[in-house]
Amino acid sequence: MDRTLFQHPGQARVSDLRFACLFVLLLASIWGCTTPQLPEVPPATKRQLLSGEALFGERVAPAEPIAIQDSSPEMERFLAPLFEIDSRRERLRRLVRRLAEVGLLNARYDERLTLSAAATIEAKAGNCLSYTNMFVTLARRLGLRARFQRVAVPPTWGIDGDLLIRSNHINAVVPNMRNTGLGQEFVMDFNYVAPESSHERWLVSDEHAFALMYANLSVDALMRGQQREAFAWLKRTLIEDPDNADHWVNLGVIYARAGVTDLAEAAFALAYRMTWRRQSVMAGLATLYRQTGDAERAHYYEEKIRRRRSRDPFYHFAVGRASYDKGAYEDALPAFRRAIELRPRTGIFHFMKGLALLRLGDEKRGLRGLRMATRYGQVDDYALRYRADLEEFLEVDPKDPNARIIARVSSGFDLYQRPGFAETRID
């Protein structure tokens, strides 16, 4: 999953890429008809942006690269039984089975845990980017041409303190499998709910994926209040992938939060000229201009973002979740209803609306919302996150040896935790 951070006036600041597999980008909020002119950014200003001197009084070295795909003794022991298999199909099949046998298809998912391949195997934990990198590394060690693949799923949103986090998705693909009986390609998706076939997908380079990992580490440091560490990881990110606008937006947010507004504007201007997907850039600019008292330009970008967010059901869902998590269930309901109005057949929207109604004492409509949730898709990941809430209202089977049944109600609503969260497409 990848994340983008947006700075959101009166509610949250924002960041991008973490892969739900997660990545991260930092942003700001937005409002207008004449397009404001952004400054040109000469090479000297770009060097100043990357030095960190304006933030910390001295040049900041980039964080040391991590051994993202290095091997380890445990990895070699894991792969040892598979090296002598001749068939590509059988090597791939046995790799997936081996992952299941050692518990790596049912391991702990932690969206803030970005680890190397070897560390993911050792910890049996990580976010979807960690697990995807682990699979790509293992597959390549077996001679399979595994690649990273971005997937244009509708983003999910979360709020952490003053950061509004938009999570996007990445998975792994082994192409050219048509002669093995596995179809044109094999997709390994470490996510509770596999993307729909209609979602746009595109292969990305290792440098792109590795930069997303470093960006995640930067955002995690920022969320802990470790500004210098966040900057160092982001500097490493930009060394790996200097042409990804999201990373320059994150840099702009770091400067804006520190009050270094001229360099924040320069970072946003660089990002704006790199991409046509400018929502995060405009969010950063809007908050920056509001911060500096430039009401006209702030209003221009705020209005653009307001219009886009008003049509984004996942944004309304994030606002509802933020209210729900603070115990403001009455405030959460309108946001969940608006999300459902915009995208009626999305299970997680009905799930959270149902929980909010249960919290407000409306058991009949609350249980109806949960039933609607299962009708429109899997909601296992949200059921796990809010298991304690479910247990307050629903009968739970504590004796199930596989811990598969999360909750059951007499009306027939059943919710299951999948035994693993990988889409393998292997018989």
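Rules of the game
Residues numbered from 1 in each chain as written. Predicted model: local features only at pLDDT ≥ 70, side-chain atom pairs only at ≥ 80, totals over all residues. Heavy atoms only, no water. Helix = DSSP H or I, 4+ residues; strand = E, 2+ residues; numbered from the N terminus. Buried < 20%, exposed > 50% of the residue type's maximum accessible area, 1.4 Å probe, protein only. Phe/Tyr/Trp six-rings, centres within 6.5 Å; stacked < 30°, edge-to-face > 60°. Lys NZ or Arg CZ within 6 Å of the ring centre and 35° of its normal. pLDDT = per-residue confidence, 0-100. Contact = heavy atoms within 4.5 Å. Core = buried A, V, L, I, M, F, W, Y, C linked by side-chain atoms within 4.5 Å. Axes fitted to C-alpha atoms, helices over the stretch in contact; angles between N-to-C directions. Parallel < 35°, antiparallel > 145°, perpendicular 65-115°, else oblique. Left-handed = near helix turned anticlockwise from the far one by under 90°. Nonpolar A, V, L, I, M, F, W, Y, C, P; charged D, E, K, R; others polar. Expected span 1.5 Å × (residues − 1). Arc of directions from axis to C-beta.

Caption draft 1: Quick look at unusual backbone geometry. Even without being a glycine, lysine 124 presents a positive backbone phi close to 50°. Among the secondary structure elements, lysine 124 is positioned in the loop between helix H5 (117-123) and strand E5 (125-126). On the accessibility criterion, lysine 124 (32% relative accessible area) is partly exposed.

Caption draft 2: Structural view of the packing of aromatic side chains. Tallied over the entire structure, the rule returns 11 aromatic pairs. Summarising the aromatic geometry, the rings of phenylalanine 56 and phenylalanine 231 are spaced 5.9 Å apart at their centres and angled 70° between planes, so their arrangement reads as edge-to-face. Taken together, the residues span a long stretch of sequence, with phenylalanine 56 in helix H2 (residues 53-56) and phenylalanine 231 in helix H8 (residues 227-240) at a distance of 175 residues. Exposure remark for phenylalanine 56: the relative accessible area of 25% places this residue in the partly exposed category. Seen in terms of ring centroids, phenylalanine 317 and phenylalanine 349 are 5.1 Å apart; in terms of plane orientation they differ by 40°. Their pairing is tilted. Of the two residues, phenylalanine 317 sits in helix H13 (residues 313-325) while phenylalanine 349 sits in helix H15 (residues 347-359), which places them 32 residues apart along the sequence. Judged by its relative accessible area of 0%, phenylalanine 349 is buried. Three or more aromatic residues link up through ring pairs in this structure, and these residues are Phe314, Phe317, Phe336 and Phe349. Sitting above the plane of the phenylalanine 78 ring, arginine 98 keeps its charged end 5.1 Å from the centroid.

Caption draft 3: Spatial organisation of the confidence of the model for the protein chain. Put simply, the protein chain has an average pLDDT of 78, and 74% of its residues get 70 or more. The spread of mean pLDDT over the elements of the protein chain runs between strand E12 (residues 422-423), the lowest at 30, and H2, the highest at 97. The model gives residues 8-33 a pLDDT under 50, and that stretch makes 224 contacts with residues more than four places away or in other chains. Of the regions scoring below 50 in pLDDT, residues 192-198 engages in 18 contacts with residues more than four places distant in sequence or in other chains.

Caption draft 4: Seen up close, the nonpolar core. Of all hydrophobic cores here, the largest spans 84 residues; its most connected members are Leu99 and Phe135. Ranked by residue count, the leading element in this core is helix H10 (residues 261-274), at nine residues. Aside from chain neighbours lying at most four places away, what touches phenylalanine 135 is Leu92, Leu95, Leu99, Ala172, Val174, Phe186, Met188 and Phe190. Among the nonpolar cores identified, the runner-up in size contains 25 residues, and Leu333, Leu355, Val379 and Ala383 belong to it.

Caption draft 5: Here's a closer look at the environment of leucine 99. Locating leucine 99 in the fold gives a position in helix H4 (residues 88-101). Taking the C-alpha atoms as reference points, leucine 99 and phenylalanine 135, separated by 36 residues in sequence, lie 9.1 Å from one another. Residue contacts for leucine 99: discarding those within four places in its chain leaves Phe78, Leu104, Leu105, Met134, Phe135, Leu138 and Met188.

Caption draft 6: The arrangement of the packing of helix H1 (residues 43-51) against H10 in detail. Close contact between H1 and H10 brings their axes to 10 Å; oriented N to C, the two are set at 110°. In terms of their interaxial angle, H1 and H10 are classed as roughly perpendicular. Crossing of H1 against H10: the hand is left-handed. From H1, Thr45, Lys46, Gln48 and Leu49 reach across to H10, where they touch Leu263, Ala266, Ala267 and Leu270. In terms of residue class, the contact of H1 with H10 is made up of five nonpolar, two polar and one charged.

Caption draft 7: Representation of helix H16 (residues 363-375). Given a rise of 1.5 Å per residue, 13 residues ought to cover 18 Å, and the 18 Å separating the end C-alpha atoms of H16 matches this to within 8%. Along H16, the residues classified as buried are Gly366, Leu367, Gly369, Leu370 and Ala373. Projected down its long axis, H16 shows its buried positions confined to an angular sector of 150°, all on one face. Turned more than 90 degrees away from the buried face of H16 sit Lys364 and Arg375, all of them exposed.

Caption draft 8: Inspection of the packing of H13 against helix H14 (residues 329-342) at higher detail. Viewed as axis vectors pointing N to C, H13 and H14 meet at an angle of 165°, and their least axial separation amounts to 8 Å. As far as their axial angle goes, H14 and H13 are roughly antiparallel. Here H13 and H14 pass one another in a crossing that is left-handed. When H13 is examined against H14, the residues Pro313, His316, Phe317, Val319, Gly320, Arg321, Ser323 and Tyr324 are found in contact with a partner set consisting of Tyr329, Asp331, Ala332, Ala335, Phe336, Arg338, Ala339 and Leu342. Of the residues belonging to the contact of H13 with H14, the class tally is 10 nonpolar, three polar and three charged.

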